[in-house]
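Residues per chain are reported as follows:
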Amino acid sequence: LSEFLCKMKTTGVCLLLLLAVAAFASAAAKENLPADAKLRVGVKHRPEECPRKSRKGDKLSMHYTGTLYTDGSKFDSSRDRDVPF
């Protein structure tokens, strides 16, 4: 997993994974974000070492789960289909 995350960090693909895991369900419902709200991205895990980095032309695949900001309900997941992105 660390190697995979390291590859994503170096290629910019981490944005896709972070989009998938950025929203979690909360006890209280949140209001919708404005239509012009900027994308919010955060790092969930950063490996200490990265011995193998991805390079231009490498193919990467990952699973994702999309959830709504307001209540954390899932609207899509590659894991449900068992087909990574």
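Here's a quick rundown of the structure.

What counts, and where the lines are drawn
Position numbers for residues count from 1 along each chain, tracking the sequence in the order it is written. Totals for whole chains, interfaces and linings use every residue, but because this is a predicted model, local features are given only for residues with pLDDT of at least 70 and side-chain atom pairs only at 80 or more, for both listing and counting. Each side-chain value is worked out from all heavy atoms of the structure, with water and hydrogens disregarded. Strands are runs of DSSP state E lasting at least two residues, helices are runs of H or I lasting at least four, and both sets are numbered from the N terminus onward. Accessibility here uses a 1.4 Å probe with only protein chains present; expressed as a share of the type maximum, an area under 20% marks a residue as buried, one over 50% as exposed, and anything in between as partly exposed. Should any heavy atoms of two residues lie within 4.5 Å, those residues are counted as being in contact. Salt bridges are defined as contacts in which a side-chain nitrogen from Lys or Arg sits within 4 Å of a carboxyl oxygen from Asp or Glu.

Our focus in this paragraph is the overall build of the protein. Within the protein, the regular secondary structure consists of three helices and two strands. Counting from the amino terminus, the protein carries its helices and strands in the arrangement α-α-β-β-α. The 85 residues of the protein split such that 20% are buried. A fraction of 56% describes how many contacts in the protein between residues 6 or more apart in sequence connect residues 24 or more apart.

The next point concerns the pattern of salt bridges. Going through the model one piece at a time under the given rule, you end up with two salt bridges. One salt bridge connects Lys74 with Asp80, and the closest N-O pair in it is separated by 3.1 Å. The class of Lys74 is partly exposed, set by a relative accessible area of 48%. Overall, the relative accessible area of 56% leaves Asp80 in the exposed class.

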